[in-house]
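# A look at the structure
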Amino acid sequence: GGGIVALSLGVRFERRRELLIVYDELATNVAKYAVQARELLVRARRGASGDVTLVVEDDGAAFDPLARDAATTDRPLEEREPGGLGVLLVRELASKVSYRRDDGRNQVEVELGT
């Protein structure tokens, strides 16, 4: 699982927790919205400065989870549109997040700083 990957990368506990939250949110997005996806790939790498980059990739129809407007949390729950809180959380935890469509695959890349 993601915890084993984080341990093998030598990631400190707080960063492992954030890495697992980001993984969970992005994998859930694929499970819920990636139409016709049959494959989910996750890669993690640690940079020289100690930052960690997580790439979540799927083979479903084109879907950019970052294109949606950020979820609003300043209004009462009954006035808000459902969804978007997972991506908001990922954006808050990440120092950098991006989406690209490459060779028929969705790729979300998230960098967690040191």
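Details of the structure are given in the entry above.
Residues numbered from 1 in each chain as written. Predicted model: local features only at pLDDT ≥ 70, side-chain atom pairs only at ≥ 80, totals over all residues. Heavy atoms only, no water.

Scanning the chain for helices and strands turns up three helices and four strands. Start at the N end of the chain and walk to the C end: the helices and strands fall as α-α-β-β-α-β-β. Counting over 114 residues, the chain shows a buried share of 33%. Sequence-distant contacts in the chain: of pairs separated by 6 or more residues, those separated by 24 or more amount to 54%. Element-wise, carbon and sulfur atoms account for 50% of the exposed surface of the chain, whose accessible area totals about 7100 Å². (Helix = DSSP H or I, 4+ residues; strand = E, 2+ residues; numbered from the N terminus. Buried < 20%, exposed > 50% of the residue type's maximum accessible area, 1.4 Å probe, protein only. Contact = heavy atoms within 4.5 Å. Areas by Shrake-Rupley, 256 points an atom, 1.4 Å probe, with all protein chains shown as cover.)

Scanning the entire structure with this criterion turns up one cavity of 30 Å³ or more. Roughly 90 Å³ of volume is contained in the largest cavity. What lines the largest cavity is simply Leu-26, Asn-29, Val-30, Val-56, Asp-58, Phe-63, Pro-65, Asn-106, Gln-107 and Val-108. Those elements giving two or more residues to the lining of the largest cavity turn out to be helix H2 (13-33), strand S2 (52-58) and strand S4 (105-112). Taken together, the residues that form the lining of the largest cavity break down as six nonpolar, three polar and one charged. (1 Å grid on protein atoms, 1.4 Å probe; cavity = no way out; pocket = protein on both sides within 12 Å on 5 of 7 lines; lining within 4 Å. Points joined across faces, edges and corners; volume = space filled by probe spheres on them. Nonpolar A, V, L, I, M, F, W, Y, C, P; charged D, E, K, R; others polar.)

This part takes up the environment of Gly-50. Its place among the elements puts Gly-50 in the loop between strand S1 (40-46) and S2. We classify Gly-50 as buried; its relative accessible area is 17%. Residues Gly-50 and Leu-112, 62 residues apart in the sequence, show an inter-C-alpha distance of 9.1 Å.

Further remarks concern the sheet that holds S1. A sheet is described by the order of its strands in space; here four strands give the open sequence S1-S2-S4-S3, paired in antiparallel fashion. Whereas interior strands pair on both sides, the edge strands pair on one side only; in this sheet they are S1 and strand S3 (96-102). Across the sheet, the mean angle from the axis of one strand to that of its neighbour is 15°, orientation sign disregarded. As judged from the seven bridges shared by S3 and S4, these two strands associate in the antiparallel manner. Bridging from a neighbouring strand, Val-97 pairs with Val-110 of S4. (Pairing = 2+ DSSP bridges. Axes fitted to C-alpha atoms, helices over the stretch in contact; angles between N-to-C directions.)

Counting residues in each nonpolar core, the largest one holds 13 residues, and the members touching the most others are Val-22, Leu-26, Val-110 and Leu-112. Those elements that provide at least two residues to this core are H2, S2 and S4. Among the elements that take part in this core, H2 stands out by supplying four residues, more than any other. Contact partners of Leu-112, with chain neighbours within four places excluded, come to Arg-15, Glu-18, Leu-19, Val-22, Asp-51, Val-52, Leu-93, Ala-94 and Ser-95. (Core = buried A, V, L, I, M, F, W, Y, C linked by side-chain atoms within 4.5 Å.)

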